[in-house]
Amino acid sequence: MISDNEKFNMQVEPNSAFLNELKSKLPEFFDREGNFDLDKFKGQLKEHNINELSDGYQLNFIGKDYARRQAGEVPSTVIVPDEKQNKGEGKDSNNLFFTGDNLEVLRHLQNNYQNKIDVIYIDPPYNTGSDGFVYPDSFEYSDDRLKDMFGLDDDQVDRLKSIQGKSSHSAWLTFMYPRLVLAKKLLSNKGVIFISIDENEHANLVEISNSIFGESNYIGCISRATGTTTGQDANKLGSSLDYVICFAKSNAFSMGGLPLDSSDLKRFSEVDDKGRYSILQLRKTGNADRKDERPKMFYPITAPDGTKVYPFGPSGYLSRWRVSKSTFSNLLNDNMIVWKKEITKFSMLVNMLQANGFHMLNIMLKEEQSSLLIYLII
């Protein structure tokens, strides 16, 4: 007997997940039958002077449509509680621990945790060629069904099925795509995802994540020293690093900082309504501090008493400011400029180093924030 979920999965198209998300955001472009009104959407683009691009940069790989379809499927399995664990070591635990196919687990989690998870960490296979990764899907559909679902010919079906049991880039991307799409759905609007990887699939991970999360939500890449060096025996540069890629769900994500220690508190001794800050002289000092090296950074600034202030070096030579004229205007508007009067003239300082918390290379949320965390080893 076929379950309702299995019947649903039989009707899923490669773009089903995308259309469902689009419908939740832009329901006005869908008719009663749930069909997307492309002409109406195009009309809105033209009305707002947005140019349509017939071609654009994107990442394509064998199995992409199949992976997109998987992202739209619902779970076809049931969750069975581990009574022994629940009555034993996990009796008083507030955590959930799932054992099984991680793609199915991500589908199950959608029911209760969609848009609720603040932090996800994924440790996927690196696809090094020696880590045991192969594409695990057995393509349970017949060749005719695959042709019908994706509009493929015989050669294209053969290409799709060629990634089965392989560790190619296409196989790895087909494996990762639906898992990242489902992980994104779990994240709250302020949520963030961290993904470990090494150089073998680093570029592909960034590109596929850009396509799913959006380039504007790329937070950065953390480099981690592994303590071991690889690749020196293959006529290559040796590598002793792996990486953690970080993407936010939306621009609602806010990165906190590490608390200041005692030496930091001494350095950032000034306080205003924005918090602690350190004062930095606006005139450039040290190397490349002369007007002829950056002439556009030599300009007059009006002091509080109306006099014009220019950047002059200690011996009277023409120096330059640290920032451009437009940047200075922004700092002034943001109340980031501090003036100090010395005898008969004004000198200008800028509190450019706000320090309510340091933004470090390794990302850390503010201590007072409570976060719901998912840790996935896939």
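Provided above is the structure to which this section pertains.
Residues numbered from 1 in each chain as written. Predicted model: local features only at pLDDT ≥ 70, side-chain atom pairs only at ≥ 80, totals over all residues. Heavy atoms only, no water.

Visitor: An account of the overall build of the chain is requested, with residue identities and associated values reported.
Guide: Helix and strand content of the chain: 12 helices and 11 strands. Taking all 378 residues of the chain together, 37% fall into the buried category. Of the contacts formed within the chain by residues at least 6 apart in sequence, a portion of 74% connects residues at least 24 apart. Total accessible area computed for the chain in this model is approximately 23700 Å², and 49% of it derives from carbon and sulfur atoms. (Helix = DSSP H or I, 4+ residues; strand = E, 2+ residues; numbered from the N terminus. Buried < 20%, exposed > 50% of the residue type's maximum accessible area, 1.4 Å probe, protein only. Contact = heavy atoms within 4.5 Å. Areas by Shrake-Rupley, 256 points an atom, 1.4 Å probe, with all protein chains shown as cover.)

Visitor: Kindly report on the packing of aromatic side chains, identifying the contributing residues and their values.
Guide: Scanning all chains against the criterion turns up 6 aromatic pairs. One aromatic cluster is present, formed by Phe213, Tyr218 and Phe247 through successive ring pairs. In this structure, Arg290 packs its charged tip against the face of Tyr317, placed 3.9 Å from the ring centre. (Phe/Tyr/Trp six-rings, centres within 6.5 Å; stacked < 30°, edge-to-face > 60°. Lys NZ or Arg CZ within 6 Å of the ring centre and 35° of its normal.)

Visitor: Lay out the pattern of salt bridges with the relevant residues and their values.
Guide: Scanning the entire structure with this criterion turns up 6 salt bridges. A salt bridge links Asp65 to Arg68; its shortest N-O distance comes to 3.1 Å. Of this pair, Asp65 and Arg68 both sit in helix H4 (residues 64–72), 3 residues apart, which is roughly one turn of the helix. By relative accessible area, Asp65 is classed as partly exposed at 34%. Note that Arg224 and Asp242 form a salt bridge whose closest N and O atoms lie 2.8 Å from each other. Pair noted here: Arg224 is in strand S3 (residues 218–230) and Asp242 is in strand S4 (residues 239–248), with a separation of 18 residues, a long-range link. Sharing partners across several salt bridges, the network here consists of Arg69, Glu73, Glu104 and Arg107. (Salt bridge = Lys/Arg side-chain N within 4 Å of Asp/Glu carboxyl O.)

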